[in-house]
Amino acid sequence: MKNKGSILGIVFFVLIGVVPFFAAFLYALGYSFGVLGILNDGFTTRFWEQVFISGEFLKSFGYSAVIALVSLALSIGGALWVTLKFRRELDKKFLSFMMYLPLAIPGVVAGFFMVQLFSKGGFFARIAFQLGWIEKTSQFPDLVNDSLAFGIIVTFITMLIPFFTLLFLNVYKNERIEELSILAQSLGANANQVTRRVFLPIILKKTGVLIALYFIFLLGAYEVPLILGQESPQMLSVLIIRETRQFDLSKISEGYVVAVIYTIVVSITAILLFLPKRKTAYEI
Amino acid sequence: MGISLAPEGGTPSWRFTDLQSMSEERAILVGLNGLERPDRFLKPVRSERPADRQVELREKISAFAEMKKLYMDTKKILKTFSLIPILLLTLISCNSEQKTDDSGLKTASWEDISAKAKGTTVNMMMWQGSPVINEYMNNYVVPQLREEYDINLKISGGQGPEIVQLAMGEKEAGIASGQVDIVWINGETSYQLRKIDGLWGPFIEQLPNIKYIDLDNRYINTDFQQPIAGMECPWSIGQAAMVYDSVKVVNPPRNLDQLETYVKKYPGTFTISNDFSGMTQLKSFLAELGGSPNSLNGEFSEEKYDRLSKLLWEYINHNKKYFWKEGETFPKEQTKMSQLFANGELYLGFGFSEGGVEEKVVSGLYPKTVRSYAWKNGTIKNTNYMGILNNAPQKAGAMQVIDFLISPAAQFEKSHANGMDSNTILEINRLPQEWASKFKNAPHRQYGLEMDDLKDYAIEEPAPEYMIRLYEDFRTLVIEK
């Protein structure tokens, strides 16, 4: 019975998850080589060449990767700090509610919040103006749609810190880090050593795959960079959607080229991430 | 779970490692086959008694066999399913298009069309970014159609590229009966739809109310330099205009030279949106650089575009350091421009419907000191249209809806200055006396200009290629620079 259930599960997974994904990938591949699409006339590598010649994709890829890395590093750092310092306080209902509230906020809403708070006509600009720190609201620093992607990174961090805190706290409890720390201390380790040799290695090792998956997720984020990003360079998903919906119909295939490259890169990363784990499972 | 803290002894560090790997194995196994008895993996890593060890080993072997079976099953399933996408793809590319035969409608009598339209559900795709337009469509048009013609009109959001993508996607998939019947279009959207043979028609001669529209007017019968040829029914007409706040700017710029002086005086308060409206503004600038309001008329000329656009990009790149955000980025769309204007970041704006000031002031978005004004060399004046898609399942219903939309009653309702405030497409002199006087006596706008005020500053829409090229070049030669 158990086996039948799991096979049924896999059938559903394949039907709902794998088949549409695979079909969409093949469609994009066909489009990118001019095989599909009513305005394309047959196989050509023209679109692939154009994407690499223009360099926009590589720029966008690098830009997205840097934003994802910076956001992730800061969020993990913040979450580790919160877990280390405030785990007892977070057991209290009210505090944990406040802490986890951002988890319930969708990306679009978080994006709009950022605009309301940090734009030149926003909440903080107005306060700065009322306090006389700036003479005109336009003197307020550029924090939204800015070239350093401040708005995007802050939004990602706001959304990620609660998530990682929740995750780290669970690992902390499940892996009995508390007991291990006491044990280490009883064997003569100081607080610093406990953090570096017990707390950090266990937490990071346990959550490594999830962190890597979150990197991929941030790499492909759409709504937040759409609202808070600038027009160039754009993050990958924004670029792909723009390319596939552009007015010049003859260039739509270039958007599919970007989508295909992105999918391949992400798939390879995911496979690399999960391969060693599968080996461990068989080794039992 | 803490059991493995005390296995066979050894150093603490060994125990930590063991603890970690233990829970990892457990996690993977529990996750992989939904094990109902995770407890068997929670036992000590090595037992003291050989009998226990045997049991443990057997359990492990059976778990391994289970996993292997699962792996083989998955492989089998995957093999079968890998054929599905290929089948799907074959279906997508090979499906022959079956068109429903609606050609009879082009010659049928209006009574027959009306009878056929009764009781249908008609789907319409239109831009839903304006509350007043949505209000008009949902609270006037939809109930009226239901009451008068027993037609159920359903409206979904989508404009320009989305409409084209939908039509392209359905055509590629060979869908004979599409999701959408009517689309609200003009310019490059109709150009693209015609390029992929997405529009159905000609049909407008069949509509009884078409007699009130002056089809000899070039601003109406020509959509971006292309004759509408009965494929698009005119719905509204309007002209773009500049917008300014009379309190913040005393003498707003009226040509490119004055604009250059303006941005230096008020840095950061002017920009161009990277969308349809912004490109329309750029077309006005291009015409000005060409020397006259008519300089872009006629078919697309590569030579003319290259010459004028070079001047335009030089002008913008030279001055963009005085633009909003020092020209490093541009607002994505018109709604963003309106927000920036409303919150005081921008002092100058640009918009369709003679600037679109009235509704925004009345609704409180803009202060009462905001006005629209004319650009000296002129701004684009154009018409927007209703089209029927080639694979529309309810073409008769669509024709009935469109005829209602250009009826004097519907157009009068649409023109209310404190409502949707959209210029009527109808020629007032052609209307029955009763309607003509209603239109003439209707209250005027309080804040924005009327289309008539701008008639000496009107430019025809240039060929669609200008827009497409401006989009591309504005991105590569200005935004990405």
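Here the structure is a predicted model, which is why all the values come from computation and not from measurement. Each chain carries its own residue numbering, running from 1 in the direction its sequence is written. Each chain is given a letter, starting from A, and each ligand a number, starting from 1, according to the order in which they appear as written. Note on the predicted model: pLDDT of at least 70 is required for a residue's local features to be given, and 80 or more for side-chain atom pairs to be given and counted; whole-chain, interface and lining totals, by contrast, use all residues.

## Considerations on the overall build of chain B
Inference 1: In this text, helices come from DSSP runs of H or I with a minimum length of four residues, and strands from runs of E with a minimum of two, each type numbered from the N-terminal end. Looking only at helices and strands, chain B features 17 helices and 12 strands.
Inference 2: Residues are called buried when their C-beta atom has 20 or more other C-beta atoms within 10 Å, exposed when it has 12 or fewer, and partly exposed otherwise; all C-beta atoms are positioned from the backbone. Within chain B, buried positions represent 40% of all 481 residues.

## Notes on the overall build of chain A
Inference 1: Each helix and strand in chain A was counted, giving 12 helices and 0 strands.
Inference 2: When the helices and strands of chain A are listed from N to C terminus, the series reads α-α-α-α-α-α-α-α-α-α-α-α.
Inference 3: Once the C-alpha set of chain A is aligned to its principal axes, its extents read approximately 75 × 70 × 35 Å.
Inference 4: For chain A, the proportion of its 284 residues judged to be buried stands at 33%.
Inference 5: A residue pair is marked as a contact if its C-beta atoms, positioned from the backbone, fall within 7 Å. Pairs at least 24 residues apart make up 66% of the contacts formed inside chain A by residues separated by at least 6 positions.

## Thoughts on the environment of Asp306 of chain B
Inference 1: Position of Asp306 of chain B among the secondary structure elements: in helix α11 (residues 302–319).
Inference 2: Considered as a pair, Asp306 of chain B and Arg469 of chain B are 163 residues apart in the sequence and their alpha carbons are 9.8 Å apart.

## Let's talk about the pairing of strand β3 (residues 182–185) of chain B
Residues and elements named next belong to chain B.
Inference 1: Neither face of β3 is open: one carries Ile182 and Trp184, the other Val183 and Ile185, and all of them are buried.
Inference 2: Think of it this way: DSSP has to see at least two bridges between two strands before they count as a pair. Examined bridge by bridge, strand β1 (residues 121–126) and β3 share 2 bridges and lie parallel to one another. Across the sheet, Met124 pairs through a bridge with Ile182, a residue of β3.
Inference 3: Here 4 bridges tie β3 to strand β11 (residues 379–389), and the two strands are oriented antiparallel to one another. Residue pairing for β11: Val183 is matched across the bridge by Gly387.

## Observations concerning the packing of helix α6 (residues 160–172) of chain B against helix α7 (residues 187–195) of chain B
Residues and elements named next belong to chain B.
Inference 1: As a packed pair, α6 and α7 sit with axes 9 Å apart at the nearest point and diverge in direction by 10°. Judged by the angle between their axes, α6 and α7 are roughly parallel. Seen from α6, the contacting residues are Gly160, Ile163, Val164 and Ala167; seen from α7, they are Thr189, Gln192 and Leu193. Axis angles are defined between N-to-C directions and span 0 to 180 degrees, where every axis is a line fitted to C-alpha atoms and, for a helix, only to the segment in contact. Just so you know how the angles are binned, under 35 degrees is roughly parallel, over 145 roughly antiparallel, 65 to 115 roughly perpendicular, and the rest oblique.

## A few points about unusual backbone geometry
Most peptide bonds are trans, and most residues other than glycine sit at a negative phi.
Inference 1: Omega for the bond connecting Ser232 of chain A with Pro233 of chain A falls within 30 degrees of zero, at -10°, which places this linkage in the cis form.
Inference 2: Inspection of the secondary structure puts Pro233 of chain A in the loop between α10 (223–228) and α11 (236–244).
Inference 3: With an omega of 0°, the peptide bond between Gly201 of chain B and Pro202 of chain B qualifies as cis.
Inference 4: Looking at where Pro202 of chain B falls in the secondary structure, it is placed in the loop between β4 (199–200) and α8 (218–221).
Inference 5: Although it is not a glycine, Arg176 of chain A sits at a positive phi angle of roughly 55°.
Inference 6: Positionally, Arg176 of chain A belongs in the loop between α7 (150–174) and α8 (177–186).
Inference 7: On the neighbour-count criterion, Arg176 of chain A (17 C-beta atoms within 10 Å) is partly exposed.

## Concerning the sheet that holds strand β9 (residues 348–351) of chain B
All names here are of chain B.
Inference 1: On the basis of which strands lie adjacent, the open sheet formed by 3 strands has the order β9-β8-β10 and antiparallel pairing. The open sheet is flanked by β9 and β10 (370–373), the only strands paired with a single partner. Averaged over neighbouring strand pairs, the angle between their axes works out to 30° when direction is ignored.

## Points about the pairing of strand β2 (residues 152–157) of chain B
Residues and elements named next belong to chain B.
Inference 1: As defined by bridge partners, β1 adjoins β2 across 6 bridges and the pair is classed as parallel. Bridging across to β2, Met125 finds its partner in Ser156.
Inference 2: Crossover connection from β1 via helix α5 (residues 131–149) to parallel β2: handedness right-handed. If the strands point away from the viewer and the path from the first strand over the helix to the second runs clockwise, then the crossover is right-handed.

## Quick look at the environment of Thr45 of chain A
Inference 1: One can find Thr45 of chain A in the loop between α1 (2–32) and α2 (46–54).
Inference 2: Spatially, the C-alpha atoms of Thr45 of chain A and Phe33 of chain A are 5.8 Å apart, while their sequence positions differ by 12 residues.

## Considerations on the nonpolar core
Residue and element names in this part refer to chain A.
Inference 1: Joined through C-beta atoms within 7 Å, a set of buried Ala, Val, Leu, Ile, Met, Phe, Trp, Tyr and Cys residues constitutes a nonpolar core. Ile67, Ile152, Phe156, Leu218, Met235, Val258 and Ala259 are the most contacted members of the largest nonpolar core, which has 53 residues in total.
Inference 2: The dominant element in this core, judged by the number of residues it contributes, is α7, at 10 residues.
Inference 3: In contact with Met235, other than residues within four places in its own chain, are Ser60, Tyr63, Ser64, Ile67, Ala221, Pro225 and Gly229.

## Focus on the packing of helix α4 (residues 110–117) of chain B against helix α14 (residues 395–405) of chain B
Residues and elements named next belong to chain B.
Inference 1: Close contact between α4 and α14 brings their axes to 8 Å; oriented N to C, the two are set at 105°. Considered as vectors, α4 and α14 are oriented roughly perpendicular to each other. Between α4 and α14, the residues in contact are Ile113, Ser114, Lys116 and Ala117 and Ala396, Gly397, Met399 and Gln400, respectively.
Inference 2: Note that Gly is not counted as nonpolar here; it falls among the polar residues with everything else outside the nonpolar set of Ala, Val, Leu, Ile, Met, Phe, Trp, Tyr, Cys and Pro and the charged set of Asp, Glu, Lys and Arg. Taken together, the residues that form the contact of α4 with α14 break down as 4 nonpolar, 3 polar and 1 charged.

## Section: the confidence of the model for chain B
All names here are of chain B.
Inference 1: Across the chain, each position has a pLDDT score giving the predictor's confidence in that residue, from 0 to 100. The share of residues in chain B with pLDDT of 70 or more is 79%, and the mean pLDDT across the chain is 83.
Inference 2: Across chain B, the element-wise mean pLDDT spans from 37 in helix α1 (residues 12–33) up to 97 in α14.
Inference 3: Segment residues 77–87: pLDDT under 50, and 12 contacts once partners within four positions in sequence are set aside and those in other chains are kept.
Inference 4: For this predicted complex, the interface confidence comes out at an ipTM of 0.77, alongside a pTM of 0.76.

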